[in-house]
Amino acid sequence: MKFLVALCLLAVAFASQDWEIRPEQIRDQIFKTGKQYNFKFDGQIASGLPISSSPDNSASRIESLVSLNFENDRQVLFKINKIRVGSIQREVESREVQPFRFFEETELIEEQKETLLLPVRFRYENGLISEIEFDREEPTWSANIKRAILNMLQLNLSKKSRSDKEDRLMRDSEENEWETSTFFSTHEKTLEGDCETSYTVVPSGEETLRVSKSINFEKCKKRVDIRYNLRFGEDCPTCASKFNREEPNTISSTVFEFELNGNAKENLIREVQLRSQYVFTPLDGEKQLMGTYVTNKLTLLSVESGVETIRGPKSEKKEELVYSTEWEEKMEKFRMTGDASLLKKSPFQWMEKKMEMAEKFLTSLRHSIESADKDESIKSETVHDMARLIEVLRFMTTHEIEKLEKHIKKDEKMTSIFYDCLSQAGTFPTVSRLVEGIISRRLSTFETTKSLKRLLDVRTPSDKMIHELLRLTKQEDIIRSPVVRQSLWLSIGAVMNGVCGETQERFAINREEMCTREQKEVYTREMEKLFSDSETHYDKVLALKVFANSGLDLIVFPLEKIIKDRREEESVRLSAVEALRKLRNVMPRKVQNILLPLYKKTSESVEMRIAAFHHLMHTLPSRNIIDQITLQLENEPSTRVFSYVFTTLKSFASSELPCEKDLSRDIEYSLRHVRRQSSRLVDSRSIVNSYYSKEFLSGAELIWSHIASNTSIIPSEVSASLSTLMGGEWYSHMAEIGFSQENIHVLIEKLYELVKKNQNSIEEILVRGKRSSEMRPLEILKDLMKKMGIQERRTHSKHSAAVLYMRIKDMDYVFLPLDEKIIVEAIKEFIKNGASEISSIEKILSRGYTVSGMIGSLVYEKTRIIATTFGMPLDITWKMPTLLSVDGVVKGSIEKRSLSLSVSPKLATTHVIHAECRSPIFSQGVKLIHSLTLLIPIDMDMKLESESRSVFSFNFRLPETESVRVMRMQTRPVTYIRHENKKEEKFDHAIEKTIYLNNPSRKEISRVYGEEILGCRFADCSEEPKFAVLLKKISKNGEEKKLKMITRENTIEMEMKRDEMEVIVDGKIIKEKKMNEFGLEKRGDVVIFENEDLFVKFDGFKAEIKMNEMYKAKQCGLCGHFDGEKKGEFRKADDEETEDIEEFHRSFLLKNEECEMEESKIKDKKNYKKFDYESESEESKEFQYETEKNEKKEKKEKKEKKEKRFEMEDDESVDPMEKTRVIEKAHRLCFSKTPVPECPKKSFEKEEETKDIKVHFTCLDRSSSEAHRLLRESRRDILSLEDFLVSFVETLTVPKTCFVF
C-alpha cells in the first residue's frame, strides 16, 4: 500500500509543471542494498561574454528525475525516469540554476526519449564510480549526458590514489583520527579526465558533513582535449606554467559542494552542487574573451524500499567515467580514410541534408561572384558561405563530392573556389577528389600549385592521404612542371609530419594508431629513394627539403650520413643540416651530437660550421654545451666564424623572451671569459631583436643573419626569420625568407661570356630594329659586374648555385633554384626564340591583357575541443575565411614605355571566434565576428618619361560612379541556439541574437564657454548633421534656462515651470509615462535624453552633454571642436580660428524672435571663463552632486516600490507589454509587422496563461543601414512597417498574463 501511495505522489510530481518536489527528511547514513534512491537533477549551461556590461547569454537547461537501485553493496542500477530540455536567449544569471519555467521547452523526438531512458549499471565502491555498463543501443551523446549526472555522485573520501606529498606520513598511519577539518589531494578519474583533485572536509553537525572538491587541470594524466592545426607550436620550457601543460588559451575550473549524512567512512549524499567555467583567454588570464558556464544540482528527494527491480542494460563492455570521444573518433577516422560506414547512425539530423546544403552554398557563392563581376564588393556573407561549405565537405563521401562537382559546370572562378574548399577541408575524400581534378587537368598549373600548398597544414592528415598524393607523383605529365612537382613533394613531407611528427596536436584517436614504426620506415625509405634517384643539384635539395618538412625522427640517420659525406657538394650538405631543424626539440641531444663536432672541426668550410652552430643554438643547449662553444672562440682561426658566433651569443644573452630565459643567463656567464675581436660591418653576424609583453604574455623575435663569402662580395647567405610567442604558444621560425649561394660569381661570369657572344642578337631582340636605350646589354652587365666588385679571378670549385627560399611555420613553402644549368638553358632559349616572345608580349599588351581570378582561403583555422561537466563537448574555434577577387585589364607598349592599369581588387575577410557546446538535441554558443570588405578601384596610366633618370609620370582616374564604398568594417558579438533535432539545414535554423553592450563608448565634454549667455552649446556640424543642442536663459535676472534639442526625428524642449520639468516634443507637452517613446527618461528633477549618438542631462539650470566618439572632429559650438587636442578649440561658426573668446561666442548666437541679445553681458569679459582641459569647474561638481542626489532619491523610491511588490502574494500578475519582435538570422534581420505581447523584465509567463498567434514578419539584409536603423528603433518603439512586404508567417506563443518573480 505504501508503495502505491509513493507511486501516486511521484506521478503527481511528474505532472507538476515546475516539478517543485521538496526532499523528505532522510536520516539514512549510508546507501543500502535493496533500496531505491530518487534524485532530482537540474543542469544549466550558458555561454556569453564574461563582462558585466553584457548580461545576455544563450542558455540551456536539463531537468530530470533519476533513480539509483542498489543491487548489492557495489552494483547500482541508474535510470532517468523523466527528462525535459529547454533553451533561452536573454539576460540569465549564468552561475545559478534558473527555474525551468524561464526556458522555452524543446520537444524531444521519440528516438531521443527512448535513448535517454535506457538504464545504466555501474560499480560504486568507496564513493568511486567504475565499470559503467551502457546499453548496446546507447549512443555516445546520451551516454555522456548520463556520465555528467554520475560524475556528481563520485566522492573519494577513502583517499585512494592520494597525491599530496606532504601528507605521506599521515597516510602511513592508520591510527590517525579525522581532524575538525581535513584537506587532501588525490588523482581521480572524473568526466573531464584523470586529474589531481583536492578535497576539503568540514563536519557541519553531529551526523552531517560538508565536502568541497575541485579539479586541478594543470596536473592531469589524461584530459579530454582535442586540438587541430596546433602542430606548429613548440614547448616553451621557461614560460609561465599555465601555457606549458593542459590549459593553453583557456581557464577551466570545476568545483563540487556535497552535503552528506554520516561520516567520512560511511555516508549518504543528500545534495551536490557543481559549478564549472571554461573561459577563452587568447592572450592572458586577465583578457577574457568569451565564457561557458555550467551549473548542476543533484538533490535526494526520497528513499524507497521494496520497489520493482529495474531492467538492466544489455551490454557487452564496461566503460569508465571519463567523457567518451567515440563520435569524435569516428569522424576523425572517416576524414582520414573516407570510410562511409562510419557516418551511419549519425545522431545529427542535418547530416541527412548535407548535399542540399552544399548545393545551396555553391549557388550563393556563384551569385556573389556574379555580383562581384558587376563592380560590386564581395559581401561578408559570401565568406561565411565558403566557410560553411568547407565544414559540410568534411562530412561528405567521395561519391557525394563527385555529384556536387557537377553543379560547377565550366565556370573558371567557381572551379577555383571549389578546389580551394576541397584542399582546405582536408579530408581523404576531398584530397582524393582534388587529385582526380589535377590528373584530369581541370586545374591550371597555378591552381594546382595553390591547392597543393594548402595541404601543408591539412587538418586531419592520414596514411591514405599520403599514398594518394604519392600516386600523383607517378603522373609524368603532371610532375613535368617544376613548380607542381616542388609543391607536391613539399606537401607530402608536411602531411607526413602531421601523421608521424612530434607536434602539439591531439587527436581523439590514439596517436600510435595513426603512425606505426613500420609506417615511419616506409616514409623514410620513400624519401631516401627520392634523394638517391636525384640527378641534379636541384632534385637533391628538393629531396632534403621533403626530409625537413616531414620532421620524422628516423630521418636523422640518413641526414647524418649525408652531412658527414664530404664527397657531396657543400650546398647539399648544408641543406642536410637545415633538414635537422624539426628534430631540434624532438631529439636535441642527438642533434647536438651531430652538430657540435661539425662546428668545432676547423677543416670544414666556414659556411658549414656556421650552419652547424646556428641550428645548435636552436636546440636551447645546456650550460656545458655553451661552454664548449665559447671555448672554441678562444682560438678561433676564422674571423667570419668568430664574428657570427660572437654576435649571435651576444644577441641571445639580451633576449627578452621567457622561452630563452635560461639560455640567456647561461650565455651571459660563459661570455665573460671571451675577448672580443675587432669587426667590420660586412663581417658575418647574426642579430637577434626580441620584444616581450608581460601583460599579454606575448612577444616576437626577429633574427637577421648574414654570412660573408670569402670569394665574393655577395654574401654566402642572408636570411631573416620571425618567431612569435602568442598567449604562451611558442612558434619558432613562424616565417623565414632567405638567399644562399655557392660561387654565384662564377655563374655571373659565365653569363657574361654567353651574352658577349650573342650581343648582336640580344640587341635586336630588345630594340626590335630600333635603339630604345643608349646602354647596350653588354654594357649593362659590365656595369653590374663593376658595381658588385667582382674581380677577374677564378675559383677551384666546379659548382655554382644559389637558392631563394621562403618558409612558413617552419615548413619549406617554396624555393627558387638558380644553378648554372637552369640559368644558361633559360638564356639560350630566350636568345633563340626571343624575338617571337617579345613580339607576342607586345601584341598582348597593345590589345589589353584581361586579369580575372578569385582565391578562397582559410588564412588559418585552429580548434580545441574539451569535455564539459554538462556532458557535452565545448568546441572553441578561431578561423579567418577570406575571399580575394581581381578583375581588370592591363594595356601597354614596350616601345612607348607606357602602361595602363584598370583593375578592381576586392577582398572580404572575416575573423570568427566561436565557443559552441553541441549535442543532437541542441547546440548553443557565442561568437565574435570581425568582418572587413574592401573594394579598391584602380584606374591609372604610367609612363617612363626619362630613362636615364628613371622619371615616371602617373595619371590616376577617379571612379565614374557617384560613390564607392571602399571599405566596410564590422564587429558583432552574437549568442545563438540551434535546435538540432529539427530536420532542417544546419545553418538555417540557428536563432541568433546580437549582444549589445550597456556602456557604449562616449566622450564627455567638460568645458563650457559663455555659460551665462544664450547660444548654441553643442551641434553635429558634419555634412549631414543629426542633432543640435541649444540653451538660453529664460529671464535676464533669473538663473533658469531652457534647453532645446533638434534631432532628425523630433524637436525637444525642456524648461522648469512651477518646480516641475516641462517637456515639449514637436509642440506637444509630453507626460512622464510617454517619455520613453522619444528616448527620454525622468529621474527626480532631472530629465535625460539618450540615443546612440547623444546623451543630455538637464535639470533646468545646467546641462551635461556627452557625445559618441564617432563624431570626433565633427562637433561645433561653445563646447569646442572635440578632436582630443587642446589647440584649435575656438573655431567660429565659419570654421575660422580665433583667440578672442567674445568673437568666438558671438558666432554661435542664434539671432531670431526667440533669442534676445544682451549686449552688456556679451561685452562684459567677466562673463567668460576658459576652463583647463583637464580640470573640472566647481559648478560642474555641484551639478554632478545634484544629479547624483536625484538619482539616489529615485533609486530609493524604486527600492521601496520593489519591497512593497514582494510583500504581495507570489502570484502577482502584470499585463504583457507590446513590442516589435525581432528574429535574427545569419544574414537577415526580421521584424514583426504588428506588435507582439511580451512579459516585462522580472516577470515570466505560465504555459496555461499563453496563446498562439500568427505573426507576419518582414526581413531585411542585416548589413543594410535600414535594418540597423529599425533594430535601434525597435528597442524603444513599436515599429510602423505597413509598407514593407511580408517575408514569412510564424506562429508564436505569447503570454496572456505575466507573473512577477
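Check the entry above for the structure.
Residues numbered from 1 in each chain as written. Predicted model: local features only at pLDDT ≥ 70, side-chain atom pairs only at ≥ 80, totals over all residues. Heavy atoms only, no water.

## Brief notes about the packing of aromatic side chains
As enumerated under the stated definition, the model contains 18 aromatic pairs in all. Taking the centre distance of 5.8 Å and the plane angle of 75 degrees together, the rings of Phe122 and Tyr124 count as edge-to-face. On the basis of relative accessibility, which here comes to 0%, the residue Phe122 falls in the buried class. Consider the rings of Phe256 and Phe258, whose centres lie 6.0 Å apart with planes at 15 degrees: the pair is stacked. This pair shows no difference in class: Phe256 is buried, exactly as Phe258 is. (Phe/Tyr/Trp six-rings, centres within 6.5 Å; stacked < 30°, edge-to-face > 60°. Buried < 20%, exposed > 50% of the residue type's maximum accessible area, 1.4 Å probe, protein only.)

## Describing the state of the cysteines
All told, the structure shown has four disulfides when counted by the stated rule. Residue Cys1230 pairs covalently with Cys1259 via a disulfide, S to S 2.1 Å. Since a negative S-S torsion denotes a left-handed disulfide, the Cys1230-Cys1259 link at about 105 degrees is right-handed. Here the residue Cys1230 occupies a position in strand β44 (residues 1228-1232), and Cys1259 occupies one in strand β47 (residues 1250-1261), the gap between them amounting to 29 residues. A relative accessible area of 0% places Cys1230 in the buried class. Paired through a disulfide, Cys1239 and Cys1298 show a sulfur-sulfur distance of 2.1 Å. Residues Cys1239 and Cys1298 share a disulfide whose torsion about the S-S bond is about -95 degrees; that sign makes it left-handed. Separated by 59 residues along the polypeptide, Cys1239 in the loop between β45 (1236-1238) and β46 (1243-1245) and Cys1298 in strand β49 (residues 1298-1300) bring together distant segments of the chain. (Disulfide = S-S within 2.5 Å. Helix = DSSP H or I, 4+ residues; strand = E, 2+ residues; numbered from the N terminus.)

## Description of the pattern of salt bridges
Taken as a whole, this structure holds 67 salt bridges when the rule is applied. A salt bridge links Arg61 to Asp42; its shortest N-O distance comes to 3.2 Å. Of this pair, Arg61 sits in strand β2 (residues 56-70) while Asp42 sits in strand β1 (residues 35-48), and the two are 19 residues apart along the sequence. You can call Arg61 buried: its relative accessible area is 1%. On the basis of relative accessible area, Asp42 is assigned to the buried category, the value being 8%. Residues joined by salt bridges that share partners form a network here, namely Lys40, Asp42, Arg61, Glu63 and Arg84. (Salt bridge = Lys/Arg side-chain N within 4 Å of Asp/Glu carboxyl O.)

## What about the sheet that holds strand β41 (residues 1213-1214)?
Strand order across the open sheet formed by three strands is β41-β49-β46, with antiparallel pairing between neighbours. A single partner strand is all that each edge strand has here, and the edge strands are β41 and β46. Direction of pairing for β41 relative to β49: antiparallel, over a ladder of two bridges. Note on β49: the bridge partner recorded for Val1214 is Cys1298. (Pairing = 2+ DSSP bridges.)

## Here we look at the nonpolar core
Formed by 124 residues in total, the largest nonpolar core has its most connected members in Leu393, Leu469, Leu595, Tyr599, Ile629, Leu649 and Ile667. The element that contributes the greatest number of residues to this core is helix α14 (residues 482-500), accounting for nine residues. Beyond its immediate stretch of four places on either side in the chain, Tyr599 contacts Arg609, Ala612, Phe613, Ile629, Gln632, Leu633, Val641 and Val645. If you look at the next biggest cluster of nonpolar residues, it comprises 70 residues, including Ala143, Val201, Leu274 and Val926. (Core = buried A, V, L, I, M, F, W, Y, C linked by side-chain atoms within 4.5 Å. Contact = heavy atoms within 4.5 Å.)

## Description of the pairing of strand β28 (residues 990-994)
By the alternation rule, side chains of β28 split into Ala990, Glu992 and Thr994, which are all buried, and Ile991 and Lys993, of which none is buried. In terms of strand pairing, strand β27 (residues 967-979) meets β28 through five bridges, oriented antiparallel. When the sheet's bridge partners are listed, Tyr976 is paired in β28 with Glu992.

## Concerning unusual backbone geometry
Of all residues except glycine, most have a negative phi; of all peptide bonds, most are trans. Positive phi, close to 60 degrees, is recorded for Lys159, a residue that is not glycine. The backbone of Arg441 sits at a positive phi, close to 60 degrees, despite the residue not being glycine.

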